[in-house]
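Chain residues, written in single-letter form:
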Amino acid sequence: MNMPSYTAAALSERFGLGVHGDGSVAVEGVGTLAAAGASQLAFLANPKYRGQLADSGAGVVVMREADAEGFAGTALIAADPYAAFARIAALFEPRPERPPGVHPSAAIDATAEVAADAHIGAFVSIGARSRVEAGAVVGPGCVIGEDCVVGAGSELIARVTLVTRVRLGHRVRIHPGAVLGADGFGLAMDNGHWLNVPQLGGVVIGDDCEIGANTTIDRGAIEDTVLGEDVRLDNQIQIGHNVTIGAHTAMAGCSAVAGSAKIGRYCLIGGAAGVLGHLEVCDRVVITAMSLVTSSIREPGEYSSGTPLMDNRSWRRNAARFKQLDALARRVPRAEP
């Protein structure tokens, strides 16, 4: 496979970046600031790595204008070096060819619709009344149930399951093992036994979302579970039924949102964090890793919970004291205004 090559000047023109130094330097790949070679591009975004710049072997470095002062090599100047690096690195990402057509092993219901330029891979199953739109890719082993829509330009990489009533917007990307549209966890106790509450809603995924491997999104009980545009979910995340997640929110691995919670726009939820059901989190909230949200958040900002890591002996002593806090608070006289 022939590797692409771009000069620094060409990259500058393509992505609207400034050039510092020799614009004819060729870039054939990307690397880290510490390990990149003469034909690779690296980036400097975090000031704590500034010390690596002088010894870097990278042919081109993406950086802010202030960092380029005194730099002897070739730099591409960007207001946000990390975002610029991400766009450039995409040029070097090898992507398998997915030609239009349906693999002979695929099973497609007679009432389903598949666009002529869509790609349907090996051992795919598409159920009744489902639709695969223009330019979509359904990779090997995927199962699309009844009444689903795979929007134009979307990609189900492999072994993705859309159970029922799942509607994907345009350019949605779903990684292997993800399951969308399974039953939500709806139960009613009746005379000592659980009854399953029928899950009659669906799942709606907005344009440009990405859903990580083995992530699960349950369909709604009556209304839909909804992800706004450009939501990004990491691997092994659980989204409960009737959850709403606002546009441009990102969630890290193993986090979970319980049923009927509402997450705002531009939120960041750290790894293994949890949001209890029926709560509301406003726009532009950061929830740090391992936190548990037990009440609604009405003001933007950064929120944390939990106990920091410490040696086990100290933790045991402090844990014992936690139980005494209420009694201690009652003994402390209330301060007079």
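About the cut-offs
- Residues numbered from 1 in each chain as written.
- Predicted model: local features only at pLDDT ≥ 70, side-chain atom pairs only at ≥ 80, totals over all residues.
- Heavy atoms only, no water.
- Helix = DSSP H or I, 4+ residues; strand = E, 2+ residues; numbered from the N terminus.
- Contact = heavy atoms within 4.5 Å.
- Buried < 20%, exposed > 50% of the residue type's maximum accessible area, 1.4 Å probe, protein only.
- Arc of directions from axis to C-beta.
- Phe/Tyr/Trp six-rings, centres within 6.5 Å; stacked < 30°, edge-to-face > 60°.
- Lys NZ or Arg CZ within 6 Å of the ring centre and 35° of its normal.

> What's the story with the environment of Y6 in this structure? I'm lost.
Looking at where Y6 falls in the secondary structure, it is placed in strand β1 (residues 6–7). When neighbours within four sequence positions are excluded, Y6 is seen to be in contact with L11, R14, V25, A26, V27, L91 and F92.

> Even after reading the chapter, I still don't get helix α1 (residues 8–15), so can you show me in this structure?
Quick reminder: α-helices carry 3.6 residues per turn. Residues three or four places apart thus point the same way. For α1, the complete set of buried residues consists of A8, L11 and S12. Summarising the axial view, the buried residues of α1 lie within an arc of 105°, below the 170-degree limit, and thus occupy one face. Pointing more than 90 degrees away from the buried face of α1 are the exposed residues E13 and R14.

> Sorry if this is basic, but what is going on with the packing of aromatic side chains here?
What describes a pair of aromatic rings is the distance from one ring centre to the other and the angle between the planes of the rings. Overall, the coordinates contain three aromatic pairs when judged by the stated rule. Here the aromatic rings of Y6 and F92 are separated by 5.7 Å at their centres, their planes lie at 85°, and the arrangement is edge-to-face. Taken together, the positions of Y6 in strand β1 and F92 in the loop between α3 (81–89) and β8 (101–102) put the pair 86 residues apart, joining distant regions of the chain. Residue F92 is classed as buried on the basis of its relative accessible area, which comes to 12%. Ring geometry for F43 versus Y82: centroids 5.3 Å apart, planes at 40°, classification tilted. Pair noted here: F43 is in strand β5 (residues 40–43) and Y82 is in helix α3, with a separation of 39 residues, a long-range link. Look at Y82 and you get exposed, because its relative accessible area is 52%. The rings of F43, Y82 and F85 are connected pair by pair, giving a single aromatic cluster. Lying over the aromatic face of Y266, R284 brings its terminal NZ or CZ to 4.3 Å of the ring centre.

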